[in-house]
Amino acid sequence: MADPGADEPSSRSGSTDQAGQGSKDRLLLHQRLAIRELIDTEVSYLHMLQLCALDIRSHLQQLPQEDLDVLFSNMDDIIQVSSRFLHGLQEMASMEEEQAHLIGNLFLEFQEEFERVYKVYCANYDQALLLVKAYRKEPELQQEIQGIIEAAVPQAGPSGLSFLLVIPLQRITKYPLLLQKILENTLPNASAYPILQRAMSALQGVNSNINEYKMRKEVASKYTKVEQLSLRERLARINTHTLSKKTTRLSQLLKQEAGLVPRTEDKDFNDLEEKFQWVSLCVTELKSNVAAYLDNLEVFLQFRPHECSLDISGGPAEQYRSLARDLQLEVFLEFKQRLEGLVWKPLCSLTRALVGPQNLIKKRLDKLLDFERVEEKLLDVGSVTYEEEEARHTYQALNSLLVAELPKFNQLVMQWLTQILHSFVALQRDLADQVLRRAESSMVQLPHHRAPEPDFRKLLEDTLGQTCSQLHSFQENFEKVLPHPSTQPLLPGSEYQMQALLTKYGPGKLYQVMSNISGTGTLDLTLPRGQIVALLQNKDTKGNSSRWLVDTGGHRGYVSARKLQLYHMAPSEKALRGLVAPHENFQLLTPEPTPAPSPTVQAMTQVVAAYPFVARSSHEVSLQAGQPVTILEAQDKKGNPEWSLVEVNGQRGYVPSSFLVSSPSPASWGWTLPS
């Protein structure tokens, strides 16, 4: 008779196997349900994005385009990525055994693309919410927007735009949760388990990176704002806290300059900053050159040769006037408009785009000083305050953002700059083509139209050489009747200052300023034309001989050597020299009686201004070279013949007598001064 207890172990093992198989089946079922949830929710999500991007956005045309760009940001890019991701999920639906494994690989494949598109959208999300909040303050606009949204998405409810805009943020944060649900229903020894673990970790990393990027953008937006504040508003912002921060930063900087504390060196950032500064300089220089080009073009367009009366009817002259009219009123004006639109305006926009990074770089230096101080404290004490920890994080965020974004920014600026230069070259080429095309009929009638280019070039050189020779001859004839302007007239009231310098330094050290000097450096002097100075040293501290050290009798400093000329004293000044104390290096000579100098011109005579003169007071009158002048008195009220009372264009005043000459006689080849 068989023993009934012998069948108990086999029955227990059978039941255990059945329970284990049942557990596996339940896990597999829950896994497939989790995968089905992932696919179904992805379909709904993509449908909602397409409604936002295509239907709702197209019906919100009452909003400015700038607002629509902020509200929907890069939703089109998200739709493209999600469409391809959903297509990959749906292709795996039929592969039940390998589905979990393939889904893990698919998430790893789309990891970088998810981070690229979602970080842009998330960074702009707060700005979009500010617009939504602003719309709620306008009841009519809010009601119109709400009606459009409820018609397309009834489940949006009263939240409206806010409900739609938050959907992409919810989706990217839900991916790790969906993966975790699939992972929880996957056996640890299954081949898909490590792949799903990696995918879940990767999506968690994507969310962390998006949050970090969003924080960096918030810090950047805070410090890139350019506020136009008055002096009073700036002073109102100064308080004990800001003074303390600035004092601490200055102290840290001085310690670094003195070598008491080490300076943090970041070669990667320094290289990027150097390239950025170089790119900024290129943009600034190009903008300056284009501005000068536009100014010259404006001056050129003001000259209208076709409006001049040539007293020549018909023939080449009339053809030239017609050509000049066409060029001035059509070709050049169109060129100017295209130049402003394709070159100048993009350059101005590019210049404005540089302001944000420039502010960030400046702010980074301040935050770096805070960071270094906190790091020192952390090493010494071992702990820092919440505010100091926040300063560390702010610097790290700023530095990371600049290191990540500056290379892209530099590259974009260079591309933009290259495109602007290409546009400028193309505009110049088009201008030349249009001018040649319009002038073609007139060029045919030129006497040397068919001459070979070398012959035509030689003809031009010969003609220009002959004209230059005539101008040179004119210059020589004119200079024969002009005295050499060895000195400028002394400034009123400067005789005693000149006497003091003469006494102290002697005549060989006196120089006169030949044109106004504006000092730009710390030790540079600002001097008017005509002032007498004494030379102390004919070079500066660096050995530069173009900057001289001079004494004005009250101040000492550097001036440009090319604006100084050795001062030659007039006879009356030499006589005055005998009245002052002698210099230790030369003997005092008793001045011999000298006849009073006779004026170069007689009173009530018509003369010509040899040099231009700018009036410096109401008692003087300005002159232009070659201008007719009537002399009323050949001396001033004190009898000084160096100044003459004249009348010019109905105005009376004093001018230097040495600036006036009698009208020269006509040259042998027929030249005369204009009347």
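Described in the following lines is the structure provided in the data block. Worth saying up front: this structure is predicted, and the values here are computed from it rather than measured.

Comments concerning the sheet that holds strand β4 (residues 556-560)
Strand order in the open sheet made by the five strands is β4-β3-β2-β1-β5, with antiparallel pairing throughout. The sheet is open, and its two edges are formed by β4 and β5 (564-566), each paired on a single side. The sheet shows a mean angle of 50 degrees between the axes of neighbouring strands, taken without regard to direction. Pairing of strand β1 (residues 510-513) with strand β2 (residues 532-537), which is carried by three bridges, proceeds in the antiparallel orientation. When the bridges of β2 are listed, Q512 appears paired with I532. The strands that helix α15 (residues 495-505) touches are β1, β2, β3 (547-551) and β4; relative to β2, the one it contacts most, it runs at about 30 degrees.

Quick word on the pairing of β1
In β1, alternate side chains face the same way, and those of L510 and Q512 on one face and Y511 and V513 on the other are all buried. For β1 and β5, the ladder comprises three bridges, and the chain directions are antiparallel. Its bridge partner being in β5, V513 is matched across the sheet by L564.

Observations regarding the pattern of salt bridges
Going through the model one piece at a time under the given rule, you end up with 21 salt bridges. Two residues, D430 and R338, come together in a salt bridge whose shortest N-O distance is 3.5 Å. Here R338 lies in helix α12 (residues 315-381) and D430 lies in helix α13 (residues 386-444), a separation of 92 residues in the sequence. Residue class for D430 comes out partly exposed when judged on its relative accessible area of 28%. For R556, the salt bridge identified is with D551, shortest N-O distance 3.9 Å. The exposure class of R556 is exposed, given its relative accessible area of 52%. Its relative accessible area of 5% is what places D551 among the buried residues. Here the salt bridges share partners, and the residues they tie into one network are R84, E113 and R116.

Details of the packing of aromatic side chains
What the rule picks out here adds up to 17 aromatic pairs. A network of ring pairs unites the aromatic residues F85, F107, F110, F114, Y118 and Y175 as a single cluster. Positioned over the ring face of Y213 is K119, at 4.8 Å from the centre of the ring. One residue, R364, lies across the ring of F269, its end atom 3.6 Å from the ring centre.

Let's talk about the side chain of T186
Within the secondary structure, T186 is located in the loop between α7 (167-184) and α8 (192-224). Given a relative accessible area of 7%, T186 falls into the buried group. In terms of polar contacts, T186 uses its side chain to reach the side chain of Q31, at 2.7 Å. T186 has contacts with Q31, Y193 and L196, leaving out every residue within four places of it along the chain.

Some thoughts on the packing of helix α2 (residues 65-72) against helix α4 (residues 99-135)
Two elements in contact, α2 and α4, have axes separated by 7 Å at closest approach and are oriented at 130 degrees. By the angle between their directions, the pair α2 and α4 is classed as oblique. When you trace α2 past α4, the crossing you get is left-handed. Along the contact surface, α2 presents D67, V70, L71 and F72, while α4 presents Y121, Q127, A128, L131, V132 and Y135. Of the residues in the contact of α2 with α4, the class split is eight nonpolar, one polar and one charged.

Describing the packing of helix α3 (residues 75-91) against α4
The N-to-C vectors of α3 and α4 enclose an angle of 170 degrees; their axes lie 10 Å apart at closest approach. It follows that α3 is roughly antiparallel to α4 by the angle criterion. Facing M75, D77, I78, V81, S82, R84, F85, G88 and L89 of α3, the residues of α4 in contact are I103, L106, F107, F110, E113, F114, R116, V117, Y118 and Y121. A per-class count over the contact of α3 with α4 returns 13 nonpolar, two polar and four charged.

Description of the sheet that holds strand β6 (residues 606-609)
Taken together, the five strands give an open sheet; going across it, the order is β9-β8-β7-β6-β10, and neighbouring strands pair in antiparallel fashion. The two strands at the open ends of the sheet, each matched to only one other strand, are β9 (651-656) and β10 (660-661). One ladder, built from two bridges, connects β6 with β10; its direction is antiparallel. Among the inter-strand pairings, A609 is bridged to a residue of β10, identified as L660.

Reading the values: the criteria
All chains use their own residue numbering, which begins from 1 and follows the written sequence. Confidence filtering applies because this is a predicted model: local features only for residues at pLDDT of at least 70, side-chain atom pairs given and counted only at 80 or more, and all residues used for totals across whole chains, interfaces and linings. In computing side-chain values, all of the structure's heavy atoms are included and hydrogens and water are not. Following DSSP output, two strands are said to pair if at least two bridges run between them. Working definition: helices are DSSP H or I runs of at least four residues, strands are E runs of at least two. Numbering for both runs from the N terminus. Convention adopted: a line fitted to C-alpha atoms gives each axis, helices being fitted over their contacting stretch, and angles between N-to-C directions are expressed from 0 to 180 degrees. Every residue pair with non-hydrogen atoms within 4.5 Å of one another is taken to be in contact. The cut-offs for exposure are 20% and 50% of the maximum accessible area for each residue type, with area from a 1.4 Å probe on protein chains only; residues under the lower value are buried, those over the upper are exposed, and the others partly exposed. A pairing counts as a salt bridge when a side-chain nitrogen of Lys or Arg comes within 4 Å of a carboxyl oxygen of Asp or Glu. Any two of the Phe, Tyr and Trp rings considered here, Trp counted by its six-membered ring, make a pair once their centres fall within 6.5 Å; the pair's planes then place it as stacked at under 30 degrees, edge-to-face at over 60, or tilted in between. Put simply, a charge is over a ring when the Lys NZ or the Arg CZ is close to the ring centre, within 6 Å, and near the line of the ring normal, within 35 degrees. For this analysis, a polar contact is any N or O atom pair within 3.5 Å, provided that within protein one partner can donate a hydrogen and the other can accept it, and provided that sequence-adjacent residues contribute only side-chain to side-chain pairs. Orientation is classified from the angle alone, with under 35 degrees giving roughly parallel, over 145 giving roughly antiparallel, 65 to 115 giving roughly perpendicular, and any other angle giving oblique. Working rule for handedness: look at the near helix, and if it is turned counterclockwise from the far one by less than a right angle, call the crossing left-handed; if clockwise, right-handed. In this classification, Asp, Glu, Lys and Arg are treated as charged, Ala, Val, Leu, Ile, Met, Phe, Trp, Tyr, Cys and Pro as nonpolar, and every other residue, Gly included, as polar.

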